[in-house]
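Structural features, examined
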Amino acid sequence: MESTSPAVVMPTARQNPFDPPEELRRRQGLGPIHRMTYADGGQGWLVTGYAAARAILADPRFSVRPDHMRSPIAQPATAPVPPGFLLRMDPPEHDHYRRLLTGHFTVRRIKLLEPEIEAIVNDQLNAMELAGGPADLFKAFALPIPSQVIGELLGVPYSDRQDFQRNAATLLNVDLTPERRQEAVRELMAYLRDLLRHKRSWPEEDVLSGLAAHEGLTADERAGLALLLLIAGHETTTNMLALGTFALLANPAQLAEVRDKEEDAPAVVEELLRYLTIIHHVVRVALEDIELHGCLIKAGESVTVALSAANRDADHFADPDALDPTRSPAGHLAFGHGLHRCLGQRLARAEMRIALPALLRRFPALRLTVAPEEVPLRSAMTVYGVHELPVTW
């Protein structure tokens, strides 16, 4: 049933770096669905329960289109959605664009990419070893590996990484003005349009060359699809690698599992995805009146699904606040659920499964050089994580 506690704007700051915000957990204890005050003062809904979250994400009666969607954060993003940016599209537009990309993220395609991921990881670890500690693991390890991997897959020159990393970070920083974030979108779109024109004339064996050759897409649609892949392909995995390492350093038994038992690494990775859930929330809009768990969600009302809270729901996960790789975390919502489940989930899993054990084997004495509470957290970013992770070995 609906909670009767006062409505709140969506919290994102985590009091413990690995746990959902305390306010979300408190409200979760009162029920799965709650009234919520949005950033503009309007009323909507907040979902903290796993079953309710999964039901909403799978229900086509809830839309992802930004029309009339309220923002749950204090600084709403008013930027228009780029053409081809399928995260903000419903069927049939969503299905049309997703089909163009699905073939690049199949099990077979990711398996073929694994030797390349291994080589990128090894090169980065060699560079760390040569430079010596101490180091910022975020910049020395977590950021460059996904950037190189997605760059290789897409065909984006790694020499351009600083520009797209900077603009991607700006786009995802909810503390910045919508105008500044939109400026980052314009810069990224301009860069990708130029790169796609080059790929059209001089194609290679990469995703962008395939998009550039597609006659059924406009230049802006190609760039919008490329923008989505570029941002999603490095920001999420970067923060999982950094925050995941931080969490393992705080849980030595699980760290040893990753380091010493290669066969156990996939289970630890899966549990880290559930335990950390770096996407704070997603928003849906009801297309019609819908009754769920005793609450009437009216047509046009926004619903914020708190993924981090849903993945800690004790009604679905036993002892949810423990980092326990022996559990079966099947069905966790770290990659979403339903129609908009993350297209690149197999790639992210492969990168984590390869990179984390390799890091811990190369540097078995890896440790923080600051107290855990001094690690700066990305609470104001759309994708949660750390700004830096000071370590030595």
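If you're wondering where the values come from, they're calculated on a predicted model, not measured in any experiment.

Thresholds, definitions, all that
Per chain, the residues get numbers from 1 upward, laid out in the order the sequence is written. Local features in this predicted model are restricted to residues whose pLDDT is 70 or higher, and side-chain atom pairs enter the listing and the counts only when it is 80 or higher, whereas totals over whole chains, interfaces and linings include all residues. Processing note: side-chain calculations cover all non-hydrogen atoms of the structure and skip hydrogens and water entirely. Think of it this way: any DSSP run of H or I at least four residues long counts as a helix, any run of E at least two long counts as a strand, and we number them from the N terminus. What a helix should span is 1.5 Å times the count of its residues minus one. Two axes enter the bend calculation: one fitted to the seven residues ending at the residue in question, the other to the seven starting there, and the bend is the angle between them. Each residue's exposure class comes from its accessible area (1.4 Å probe, protein chains only) as a fraction of the maximum for that residue type: buried when under 20%, exposed when over 50%, partly exposed otherwise. Buried residues of nine kinds, namely Ala, Val, Leu, Ile, Met, Phe, Trp, Tyr and Cys, make up a nonpolar core once their side-chain atoms join them within 4.5 Å. Any two residues having at least one pair of non-hydrogen atoms within 4.5 Å are treated as being in contact. The angle between two axes is taken between their N-to-C directions and runs from 0 to 180 degrees, where each axis is a line fitted to C-alpha atoms and a helix contributes only its stretch in contact. Reported orientations rely on four angle classes, namely roughly parallel under 35 degrees, roughly antiparallel over 145, roughly perpendicular from 65 to 115, and oblique for the rest. For a crossing to be left-handed, the near helix must be turned anticlockwise from the far one by less than a right angle; the clockwise case is right-handed. When residues are sorted by character, Ala, Val, Leu, Ile, Met, Phe, Trp, Tyr, Cys and Pro go into the nonpolar class, Asp, Glu, Lys and Arg into the charged class, and all the rest, Gly among them, into the polar class. Note that His is not counted, nor are the chain ends; the positive residues are Lys and Arg, and the negative ones are Asp and Glu. By salt bridge we mean one thing: a side-chain nitrogen of Lys or Arg within 4 Å of a carboxyl oxygen of Asp or Glu. The term polar contact refers here to a pair of N or O atoms within 3.5 Å; inside protein, the definition further demands a hydrogen-donor-capable atom paired with an acceptor-capable atom, and it admits residues adjacent in sequence only when both atoms are side-chain atoms. Strands were regarded as paired on the criterion that DSSP finds at least two bridges between them. Across the chain, each position has a pLDDT score giving the predictor's confidence in that residue, from 0 to 100.

Another point: helix 4 (residues 107-131). Counted at 1.5 Å a residue, the expected span for helix 4 with its 25 residues is 36 Å, and the 35 Å between its end C-alpha atoms agrees. Along its length, helix 4 shows its largest kink, about 35°, at Glu-114, and proline Pro-115 lies within four residues downstream of that point. For helix 4, every residue scored as buried is listed here: Ile-110, Leu-113, Glu-114, Ile-117, Ile-120, Val-121, Gln-124, Leu-125 and Met-128. Gly-132 lies just past helix 4 and shows a positive phi near 80°.

So, on to the nonpolar core. With 87 residues, the main nonpolar core has Leu-272, Leu-276 and Leu-347 as its most contacted residues. The element contributing the most residues to this core is helix 10 (residues 219-249), with 16 residues. What Leu-276 contacts, discounting residues up to four positions off in sequence, is Arg-14, Phe-18, Met-240, Leu-243, Gly-244 and Ala-247. Membership of the second largest hydrophobic core comes to 20 residues, among which are Ala-52, Ala-53, Phe-62 and Val-305.

Here we come to the packing of helix 8 (residues 178-201) against helix 10. Remark: helix 8 packs on helix 10, axes separated minimally by 9 Å, with the N-to-C direction vectors making an angle of 110°. Classified by the angle between their axes, helix 8 and helix 10 sit roughly perpendicular to one another. Here helix 8 runs over helix 10; the crossing is right-handed. Between helix 8, through Val-185, Leu-188, Met-189, Leu-192, Arg-193, Leu-196 and Arg-200, and helix 10, the contact on the second element is made entirely by Ala-219, Asp-220, Arg-222, Ala-223, Gly-224, Ala-226, Leu-227, Leu-230 and Ile-231. In terms of residue class, the contact of helix 8 with helix 10 is made up of 11 nonpolar, 1 polar and 4 charged.

Now for the side chain of Asp-136. Checked against the element boundaries, Asp-136 lands in strand 5 (residues 135-136). No salt bridge is formed by the buried Asp-136; the nearest opposite charge belongs to Lys-139, separated by 4.7 Å. Among the polar contacts made by the side chain of Asp-136, one reaches the main-chain amide nitrogen of Phe-138 at a distance of 3.0 Å. Apart from the residues lying within four places of it in its own chain, the contact partners of Asp-136 are His-387, Glu-388 and Leu-389.

Right, let's get into the pairing of strand 2 (residues 33-37). Side-chain direction in a regular strand flips from residue to residue, so the side chains alternate between the two faces of the sheet. The element strand 2 is extensively covered by neighbouring structure, given that 4 of its 5 residues are classed as buried. Sheet topology note: the strand 2/strand 3 (residues 43-47) ladder contains 5 bridges and is antiparallel. Bridged to Arg-35 within strand 3 is Trp-45. Where strand 2 hands over to strand 3, the hairpin turn is made up of 5 residues, of which Gly-41 adopts a positive phi near 90°.

All right, on to the confidence of the model for the chain then. Across the chain, pLDDT averages 88, with 94% of residues at or above 70. Mean pLDDT across the elements of the chain bottoms out in strand 1 (residues 2-3) (47) and peaks in strand 11 (residues 390-392) (98). A low-confidence stretch, residues 1-8 stays under pLDDT 50, and its non-local contacts, those more than four residues away or across chains, total 28 contacts.

Moving on to the pattern of salt bridges. Tallied over the entire structure, the rule returns 22 salt bridges. In this structure, the salt-bridge partner of Arg-25 is Asp-321, at a minimum N-O distance of 2.7 Å. Linking Arg-25 in helix 1 (residues 22-28) with Asp-321 in the loop between helix 13 (307-310) and helix 14 (345-362), this pair joins segments that are 296 residues apart in sequence. Close ionic contact of Asp-220 with Arg-193 constitutes a salt bridge, the shortest N to O distance being 2.9 Å. Placement of the pair is Asp-220 in helix 10 and Arg-193 in helix 8, with a sequence separation of 27 residues. Residue Arg-193 is classed as partly exposed on the basis of its relative accessible area of 25%.

Looking now at the sheet that holds strand 5. Taken together, 3 strands build an open sheet; the order of strands is 5-11-10 and the sheet is antiparallel. If you trace the sheet from one side to the other, it starts and ends with strand 5 and strand 10 (367-368), each paired once. By the bridge criterion, 2 bridges tie strand 10 to strand 11 in an arrangement that is antiparallel. When the sheet's bridge partners are listed, Arg-367 is paired in strand 11 with Thr-392.

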